[in-house]
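Now for the letters of each chain:
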Amino acid sequence: ASHFKEFESYFFHNCVYETIYSDISQFEGIHTDDLLKKIDQSWSIIFVGDAWMSPYELTHSGGSIYYGHQNATPGIEWLKRLKQKCPKSVWLNPEPPRIWDSESIYLVRQVFPMYPFTLDGLSDAINDLQGLRKTH
């Protein structure tokens, strides 16, 4: 974190919706719209996660994994808003690339360049964020 002007970390389960959490227990958080107001294109976002979920969670209103949470905006739309606000963003995936054609991972890869969560993948992602490597 010392290499960044500012560093913040947030948590979500499967996908970003209306709230993004400041604690892993997902009790404390901020509205994602408030985060979008706070950040700009000078920020970079590094997502870490498997992106493996029901495609419904990405593509449908009310698709959240949590029973009773009726997200009005599909998860993929929140991801697109974050990417639009911070074009220099990447996704690190701990799952092997051989499964990255599964529907939900494929959908996330249409929004963010995805790299394996390995030392080489992290290096490639950082190069991408610095403009030293073309996204794929």
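None of these values were measured; they are calculated from a predicted model.

Chemist: Sorry if this is basic, but what is going on with the overall build of the protein here?
Modeler: When helices and strands are counted, the protein shows five helices and five strands. The order of helices and strands in the protein, counted from the N terminus, is β-β-α-β-α-α-β-α-β-α. For the protein, the residues scored as buried account for 37% of the 136 residues in total. Here the protein has roughly 8300 Å² of accessible surface; of this, 53% comes from carbon and sulfur atoms.

Chemist: Even after reading the chapter, I still don't get helix H3 (residues 75-85), so can you show me in this structure?
Modeler: For an α-helix, the turn length of 3.6 residues means that residues three or four places apart are oriented alike. Along H3, the positions that sit buried rather than exposed are Gly75, Ile76, Trp78, Leu79 and Leu82. One face of H3 carries all of its buried residues, which in axial projection span an arc of 160°. The inward-facing, buried residues of H3 abut helix H1 (32-38), strand S3 (45-48), helix H2 (55-59), strand S4 (89-93) and helix H4 (103-109).

Chemist: Would you take a moment to explain the pattern of salt bridges for this structure?
Modeler: Pairing between side chains becomes possible if they bear opposite charge and their charged atoms approach one another. Scanning all chains against the criterion turns up four salt bridges. One salt bridge in this structure joins Lys38 and Glu8, with 2.5 Å as the shortest N-O distance. One end of the pair, Lys38, is in helix H1; the other, Glu8, is in the segment before strand S1 (19-21), with 30 residues separating them in the sequence. With a relative accessible area of 24%, Glu8 lands in the partly exposed category. Residue Lys80 pairs with Glu77 through a salt bridge whose shortest N-O separation is 3.8 Å. Residue Lys80 and its partner Glu77 are both found in helix H3; the two are separated by three residues, about one turn of the helix.

Chemist: Looking at this structure, I do not really get a nonpolar patch on the surface. What am I missing?
Modeler: Where nonpolar side chains cluster on the molecular surface, the patch consists of Ile46, Val48 and Phe117 and spans about 250 Å² of accessible area. Residue class for Ile46 comes out partly exposed when judged on its relative accessible area of 34%.

Chemist: Hey, could you run me through the side chain of Ser89 in this one?
Modeler: Within the secondary structure, Ser89 is located in strand S4. Accessibility expressed as a relative area gives 2% for Ser89, which makes it buried. A distance of 3.4 Å separates the side chain of Ser89 from the backbone nitrogen of Ile45, its partner in a polar contact.

Chemist: What should I look at first to understand the pairing of S3 in this one?
Modeler: Within a regular strand, the side chains alternate between the two sheet faces. Side chains Ile45 and Phe47 of S3 all project onto a buried face; the interleaved residues Ile46 and Val48 project onto a face where none is buried. The sheet contact formed by S3 and S4 spans four bridges and is parallel. Directly across from Ile46, in S4, lies its bridge partner Val90.

Definitions and limits used
Residues numbered from 1 in each chain as written. Predicted model: local features only at pLDDT ≥ 70, side-chain atom pairs only at ≥ 80, totals over all residues. Heavy atoms only, no water. Helix = DSSP H or I, 4+ residues; strand = E, 2+ residues; numbered from the N terminus. Buried < 20%, exposed > 50% of the residue type's maximum accessible area, 1.4 Å probe, protein only. Areas by Shrake-Rupley, 256 points an atom, 1.4 Å probe, with all protein chains shown as cover. Arc of directions from axis to C-beta. Contact = heavy atoms within 4.5 Å. Salt bridge = Lys/Arg side-chain N within 4 Å of Asp/Glu carboxyl O. Patch = residues over 30% accessible without salt bridge, like charges linked within 9 Å, V, L, I, M, F, W, Y side chains within 5 Å. Polar contact = N/O pair within 3.5 Å; in protein donor to acceptor, adjacent residues only side chain to side chain. Pairing = 2+ DSSP bridges.

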